[in-house]
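# Inside the fold
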Amino acid sequence: MKFRQITAAAALAVLATGNAVAKEGGDQYPNGAEGWLAGAVPPPGNYFLNYFGHYGGKLRDGDGDKVPGAEVDAWFEAMRFIKMTDTKIFGGDWGMHLVVPLVQQKVKLGGDSKTVSGVGDITFNPIIIAWHTKNLHWTVAMDINMPTGQYKSGDPRKSIGTNYWSLEPIFAATWLSDDGWELSGKFMYNIKRKNKDFRLAPGMPKMDYESGDEFHMDYVLGKHFGPWAVGLAGYYLKQTENDKLEGETLPEVPGVWSKGRKGEVFAIGPSVSYTNKNGTMFIAQWQHETEAENRFRGDKALFKLVLPF
């Protein structure tokens, strides 16, 4: 098949399905979920984290312009369970986590829309190692993202999963000054496997679709005032490799994507957190995607609970 002959309608299907419109706009990881104390993993114990929010966005082409008739609107909730142990590895605390996301997603493509709900792609991490000094905290980890979310080959409007496995090495760091200033960042690199069940449309033959690997990061800069903290938080994502269909780099489709369909997005917005005497933390933030290419661009509201138990 000569992929330079892809039609605009088929191109929309590739663009949406190739990077899965599930998880508030396209990713196995909910960008912007970690900011405050991202590198300061808590001490040994058990923790429950809940992420709840909404994302709405419109598709952008390779020049950052809107692609008519392509929108996503999603509510999401992710339940994360962390266990930190007393075991030391290279002098750091060893732990693990499990993340189970739930999604209700409405996707509009070409004037037609569908709404689906269900479990998204589950993440398991058997290796979290955290170190701490007076003002600096840092962590390394390795997420394993599993293709557990519903996937409808040939119809991205009915998919809330990516249908591929991925590995994600992580480095996170938090600097806390003596007078309450915080700078935190979580840096990730998503290494994707192929989706071997891709179709341009229902009934068409299956093909191999390979989404390009991505670098992405969450960040926050803010100030702590007793139990409260306020600042600016957001995320940045840059796709480093081309998307490929049957081993061939996707050609440019004017008004839909640039060659290789490399996505990029930057978001920023206000964030506030509150921590009570028991160590329970509440975080609320809004993030506006100011620039985006070859992916959705919109706004995200996120509420996060951290609960020791």
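Residues numbered from 1 in each chain as written. Predicted model: local features only at pLDDT ≥ 70, side-chain atom pairs only at ≥ 80, totals over all residues. Heavy atoms only, no water.

## Quick notes on the overall build of the protein chain
Scanning the protein chain from N- to C-terminus turns up 2 helices and 17 strands. Per-residue burial for the protein chain yields a buried fraction of 52% across its 309 residues. When the 34 basic and 35 acidic side-chain charges of the protein chain are each reduced to a single mean position, those positions are 3 Å apart. (Helix = DSSP H or I, 4+ residues; strand = E, 2+ residues; numbered from the N terminus. Buried < 20%, exposed > 50% of the residue type's maximum accessible area, 1.4 Å probe, protein only. Lys, Arg positive; Asp, Glu negative; His and termini not counted. Charge placed at Lys NZ, Arg CZ, Asp CG, Glu CD.)

## Some thoughts on the nonpolar core
Among the nonpolar cores identified, the biggest contains 24 residues, and Leu49 and Tyr51 are the most heavily contacted of them. Breaking this core down by element, the ones donating at least two residues are β1 (45-60), β2 (66-89), β5 (123-132), β12 (228-239), β16 (281-293) and β17 (296-308). Those residues in contact with Leu49, other than ones at most four positions away along the chain, are Ala78, Met79, Arg80, Ile82, Lys304, Leu305 and Val306. Counting 10 residues, the second-largest nonpolar core is a separate cluster that includes Tyr151, Phe198, Leu245 and Leu250. (Core = buried A, V, L, I, M, F, W, Y, C linked by side-chain atoms within 4.5 Å. Contact = heavy atoms within 4.5 Å.)

## Re a positive patch on the surface
On the surface, a cluster of positive charge is contributed by Lys58, Lys66, Lys106 and Lys108. For Lys108, a relative accessible area of 30% translates into the label partly exposed. (Patch = residues over 30% accessible without salt bridge, like charges linked within 9 Å, V, L, I, M, F, W, Y side chains within 5 Å. Areas by Shrake-Rupley, 256 points an atom, 1.4 Å probe, with all protein chains shown as cover. Salt bridge = Lys/Arg side-chain N within 4 Å of Asp/Glu carboxyl O.)

## Details of the side chain of Glu34
Inspection of the secondary structure assignment puts Glu34 in the loop between α2 (22-26) and β1. By relative accessible area, which is 8% here, Glu34 ends up buried. Here the side chain of Glu34 touches Lys304 through a polar contact of 2.6 Å, side chain to side chain. Setting aside chain neighbours within four positions, we find Glu34 in contact with Tyr29, Tyr51, Arg80, Lys186, Asp218, Tyr219 and Lys304. (Polar contact = N/O pair within 3.5 Å; in protein donor to acceptor, adjacent residues only side chain to side chain.)

## Some remarks on the sheet that holds strand β9 (residues 195-198)
As summarised here, the arrangement of the 4 strands in space is β9-β10-β13-β14, forming an open sheet in which the pairing is antiparallel. Across the chains shown, the open sheet's two edge strands, defined by having one partner strand only, are β9 and β14 (248-249). (Pairing = 2+ DSSP bridges.)

## A few points about the pattern of salt bridges
Summed over all chains, the structure comprises 13 salt bridges. Across the pair Lys238 and Glu264 runs a salt bridge, and its minimum N-O distance is 3.3 Å. Within this pair, whereas Lys238 is found in strand β12, its partner Glu264 is found in strand β15 (residues 264-275), the two being separated by 26 residues in sequence. Note on Glu264: relative accessible area 22%, which makes it partly exposed.

## A closer look at the packing of aromatic side chains
For the coordinates displayed, the defined rule picks out 7 aromatic pairs. Plain terms: the ring middles of Phe198 and Tyr209 are 5.1 Å apart, the flat faces sit at 50° to each other, and that makes the pair tilted. Highlighted residues: Phe198 in strand β9 and Tyr209 in strand β10 (residues 207-210), separated in sequence by 11 residues. Judged by its relative accessible area of 0%, Phe198 falls in the buried class. Look at Tyr219 and Phe266: their rings are 6.1 Å apart centre to centre, the planes differ by 10°, and that puts the pair in the stacked class. With Tyr219 in strand β11 (residues 214-225) and Phe266 in strand β15, this residue pair connects regions lying 47 residues apart in the sequence. According to the relative accessible area criterion, Phe266 is partly exposed, its value standing at 31%. For the cation-ring pair, Lys223 lies above Phe225, with the distance from its terminal atom to the ring centre recorded as 4.8 Å. (Phe/Tyr/Trp six-rings, centres within 6.5 Å; stacked < 30°, edge-to-face > 60°. Lys NZ or Arg CZ within 6 Å of the ring centre and 35° of its normal.)

## Brief notes about unusual backbone geometry
Generally, phi is negative for residues other than glycine and the peptide bonds are trans, each holding for most cases. Phi angles above zero are rare outside glycine, and Glu246 is one such case at about 55°. Located in the positive-phi region is Arg261, a residue other than glycine, with phi close to 50°. When its relative accessible area of 1% is taken as the criterion, Arg261 is described as buried.

## Details of a negative patch on the surface
Negative charge collects at one region of the surface, where Asp63, Asp65, Glu252, Glu291 and Glu293 lie side by side. Here Asp63 shows up in the loop between β1 and β2.

## Thoughts on the side chain of Asp61
Locating Asp61 in the fold gives a position in the loop between β1 and β2. Of the side chains with opposite charge, Arg60 comes closest to the buried, unpaired Asp61, at an N-O distance of 7.6 Å. If near-sequence neighbours (up to four positions away) are discounted, Asp61 is found in contact with Val67, Gly255, Val256, Trp257, Ala292, Glu293 and Asn294.

## Considering the pairing of strand β4 (residues 112-119)
In this sheet, β4 lies alongside strand β3 (residues 92-109) in antiparallel orientation, the contact comprising 8 bridges. Bridge pairing in β4 links Leu102 to Val119. Linking β3 to β4, which pair antiparallel, is a turn of 2 residues; within it Gly110 sits at a positive phi near 60°.

## Quick notes on the confidence of the model for the protein chain
Per-chain confidence: the protein chain averages 92 in pLDDT, with 92% of residues scoring 70 or above. Counted against residues more than four places away or in other chains, residues 17-25, with its pLDDT under 50, gives 50 contacts. (pLDDT = per-residue confidence, 0-100.)

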